[in-house]
Amino acid sequence: MNPATEQSLHPKDYTALVSILRKISWAYILIVFSIHLAWLDILPDWLGYGLLISAIPDLAKYVPSASLLHTFACLLTVWNFIVWGMDLMGGYDFPQLITVIFGCISIYFHFQLLTNLADLSDSTGCSQGRRLRSLRTFNTLLQTMLAFPVPWETINKFTLVPAFILLCASGIMIETVLILNQLKKELQIH
Amino acid sequence: MSNIWEFLLQTATVSLTAGLLLLLKKLFEDKLPPRWQYTIWFLLALRVLLPAATQNRYILLPLPVWIEALKSIAEQNLSASAFGPSLFSAPFDPVHLTSGLPWPAVSAQSTADTCSVTDVLFLIYIAGVLSCLLRYAISYWKLRSLLRRNACESSPEVEDLVCKTAEKYNLPDCPVVTMEDLPSAFICGVFKPVLVLPARTQTDSQEGIDEKILLHELLHLKYHDALQSVFWSLLRALHWCNPFLQYVFNRIGNDMEALCDQRVLERLEGEERREYGRILLEMTNDRYPRAFGTSSLSNGASNIALRIGCIARFKKYPKGMELVSICMALLLMVPLFFGATTREFNRFQDSPRNYHLAFASARLNRCTTMAGAVDTFYRSLADENSLLLATCSPLHLQYTIREQMDPDFYEGASNGFNYSLPVSLDGWPYDAEKDAYYIYNLRSAAVEESTAYDAELLIPLKSIGKYSDGLEEFLAAQTPKQRQAVLDFADKHGYANIAGCAVYYLTISEEKNRWVITQRAPRDLYFTGDLGEGFLSCEAYAAFLPETGYGVYKAESETGKVLVRQMTALTVDIDPAKVFSEVNLDADFYWNYDRETVTYTFKGPDDTRTSVTEVLLEKRNLTSPEDAIQESWWNWDAEISGNAAASGTNHSSRSWEGEPGTWDGTMTALRGGGMTVSHMDPTAQLDAAEPVPAYAVRIKLNGRLTEKLVALPAWTDIPQKEVNAE
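Definitions and limits used
- Residues numbered from 1 in each chain as written.
- Chains lettered and ligands numbered in written order.
- Predicted model: local features only at pLDDT ≥ 70, side-chain atom pairs only at ≥ 80, totals over all residues.
- Heavy atoms only, no water.
- Helix = DSSP H or I, 4+ residues; strand = E, 2+ residues; numbered from the N terminus.
- Expected span 1.5 Å × (residues − 1).
- Contact = heavy atoms within 4.5 Å.
- Buried area = accessible area lost by both parts, 1.4 Å probe.
- Salt bridge = Lys/Arg side-chain N within 4 Å of Asp/Glu carboxyl O.
- Polar contact = N/O pair within 3.5 Å; in protein donor to acceptor, adjacent residues only side chain to side chain.
- Buried < 20%, exposed > 50% of the residue type's maximum accessible area, 1.4 Å probe, protein only.
- Axes fitted to C-alpha atoms, helices over the stretch in contact; angles between N-to-C directions.
- Left-handed = near helix turned anticlockwise from the far one by under 90°.
- Nonpolar A, V, L, I, M, F, W, Y, C, P; charged D, E, K, R; others polar.
- Core = buried A, V, L, I, M, F, W, Y, C linked by side-chain atoms within 4.5 Å.

### Notes on helix α4 (residues 96-123) of chain A
- For α4(A), which comprises 28 residues, the first-to-last C-alpha distance of 40 Å matches the rise-based estimate of 40 Å (1.5 Å per residue) to within 8%.
- Trailing α4(A) by a residue or two, G125(A) shows a phi angle of about 80 degrees, which is positive.

Written out as structure tokens, the structure reads:
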């Protein structure tokens, strides 16, 4: 059922949802993974958020609260573009307060988006709702930890705590992409 | 807060925090629940109560530097005027908040006898705080008196309805009274709360009393909103003269009401929620009785309009949103409380108007370690920078340093406005890759009531050319014989190769949680000549420390003399690539050299000297000079094995064998080594290590004991007069 209209979903709706999920999946691949060639990140985060800008209005037709994310998606796109651009030019130390504010926006954004996707999964009879809700909790905690003003890049990654964090981060990233793909497949089946 | 400047800094910091929170709340206005919108204000409450960071860590804007610069300008001008100096602050006493609460305190640097303009302003501020608190107390007392006089006990039906409402929603209840001419219900009191209802309910039937009104008020009671209201009022009083913060505290009150609305709506369903909105609408024409120690359903027409907007947006926020709220609050705490910017040190300024800001910045920067203070002092000489000198100098020298500054504005120069020192090293410091200077003989100083250490700072020098100003000064510091030696050396090797060293006599002391440097005596400049392999080694330069300096022991007889030099040399942990570019106020000591040099010089007849084919020099530490009185004490052969060049801690020896006539009459024994200081505090070792009281030195020539000398401390304390930048 479409929670927005409280009517049964038409097959065209499922097709549209698959398309939306495809965009979101690709967006998350761009956001969570990074491949650097020297200073250049060839999987820039801002491209991922740009994809989300296009996916969110369509998602909002089925999950109305997703419309709250559009402004933040735009803000995150611009912010990540600036950061990517400054990295290309050798890096820049942004004021800590600015990075913390955008950290807060990012935490909320991903939490709400994953919640919306979980709601979508429940309303369309898919089984990924519970996994998505668990994922959003772990993702929130991880993002919070990484957003703290700790010089993670200078810490020896082979000691216990950073290694554990790195492991969790890797697991969450991979799990995110897998769950989204699984949800997409289930919608395709429908 | 002990003066008006500290209040200005505190209120500006709180205002900035409030502004940032307002921005965040606007961003998340329709995204996070009223619970977060209100609770986030407790970060502001903490910010009000905790002192603003002043050690050059700040939130986005360098408020401490601005306030410090403004203070020094204002207090200097006022001191010079008829108003006189301030009692609570001094021009160069850095703003240092220790509390968010006001309490006047006389500044240690103040020279005033009476209050000045800024002191009076601060006293007016304190009077304002007290009068606000008094006003709150009086208004609460008046309200309570009014209730006692005019309020009536409510009817049994009303009381029954209140009880049933409390029971239905699992809320606490309280005594209920009614009063005439009351616009809306409210809870009055913190410790003995009373629910006050408008008197029209007295004559209405039970159905006329809206349960939702009671629900709202009982929720205020459950969550102690009256107590929270008192808390916010107290914080408001601390910043009574800041109109922006008054607006913010009004917003906090409105957010508290909006949170109560949220709690009401969470307990209602469907049509009841719309009815609740209608009840609020009916109150838009009513007066707003905001009173101390109360919580009310109505908070003014415009605010009710905002609350109705929130009700229209009401939705059940997803579970887990509390986690997001907590995470965001934790993240925000770090920059808001601990500052988000590390110290920015303005070494060079690009315009004279930044002169005051630069010196303010210098005063606020702290050398947090002894090594940091010494390193900053060294750099002030090497860079000819008064700002650096100001950073590592005591407060009472700040004015002198500023007055002696020679602002030389170079248009277009890369270093811009150069705060030249009148006496510096003028291009002399050798651009060493490491070990740019040594700190010799760091030891406790005999200074009462403070933690202080003496040391000699030795800086290797190298001339940059025949026509440099530094060369003239260097030559002027030499004796005629030494001057000639310099010129002869220059003729032979070139002026560019003239090498020397500068010795500074420093006292390093603690002042208000920072380490500062004063010079005990004028510096000395020495010509070192060609040191060969000894260039830049601490042993070679130690020879240029004064023979009356710390750690020198002497003994002399008719046939010989002994000089024992006990020496420690520290270096500072500096990145070789950044020797002349970055200031490290938190530097650590890096390498600790520990040396003991015993030098014997034969004074006897020349024919005796030329007959010597074996020399044995032995040294032993004495716990007291009286130890050596006993003859048996000198028989220490069994304790030392062999003729090692250096052995043990308390003994050292050196031997020489050669052909007759080849001995030059001197013999030197070395003992010591080096080790990294890493995180070890050298001062902890200083406390434990006392200087050796005396040394016993034994000389054997050709296997026969020739000399027994007791070397006693020969150093005198350098006079403790202070030497400023000159």
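### A closer look at the interface of chain B and chain A
- With 26 residues of chain B in contact, the opposing surface of chain A contributes 25 residues.
- Interface area lost by chain B to chain A is led by K31(B), L323(B) and L331(B), which between them contribute 27%.
- Remark: the boundary between chain B and chain A carries 0 salt bridges.
- Our count for the chain B to chain A interface comes out at 1 residue pair in polar contact (both at pLDDT 80 or more).
- Of all the secondary structure elements, the ones that give two or more residues to the side of chain B that touches chain A are α1 (4-27) and α13 (321-338) of chain B.
- Per element, the largest residue contribution to the side of chain B that touches chain A is 11 residues, and it comes from α13(B).

### Let's talk about the pattern of salt bridges
Residue and element names in this part refer to chain B.
- Here the structure, examined in full by the defined rule, presents 24 salt bridges over all chains.
- Taking the shortest distance from any N to any O, the salt bridge between D30 and K31 comes out at 3.1 Å.
- The class of K31 is buried, set by a relative accessible area of 6%.
- Between R274 and E271 there is a salt bridge, with its nearest N and O atoms 3.1 Å apart. Here R274 pairs with E271, and both are found in helix α11 (residues 271-282), just 3 residues apart, close to one helical turn.
- In this structure E271 comes out as partly exposed when scored by relative accessible area, which is 39%.

### Re the packing of helix α8 (residues 211-222) of chain B against helix α10 (residues 243-267) of chain B
All names here are of chain B.
- One can describe the packing of α8 onto α10 by two numbers: an axis separation of 9 Å at closest approach and a directional angle of 115 degrees. Helix-helix and strand crossings are classified by hand; for α8 and α10 the assignment is right-handed. Residues L215, H216, L219, H220 and K222 of α8 pack against E257, C260, D261, R263, V264 and R267 of α10.
- Looking at the contact of α8 with α10 residue by residue, the classes come out as 4 nonpolar, 2 polar and 5 charged.

### Digging into the nonpolar core
- Among the nonpolar cores identified, the biggest contains 105 residues, and Y108(A) and F109(A) are the most heavily contacted of them.
- Formed by 48 residues, the second largest nonpolar core is a distinct cluster that contains M370(B), A382(B), V486(B) and F489(B).

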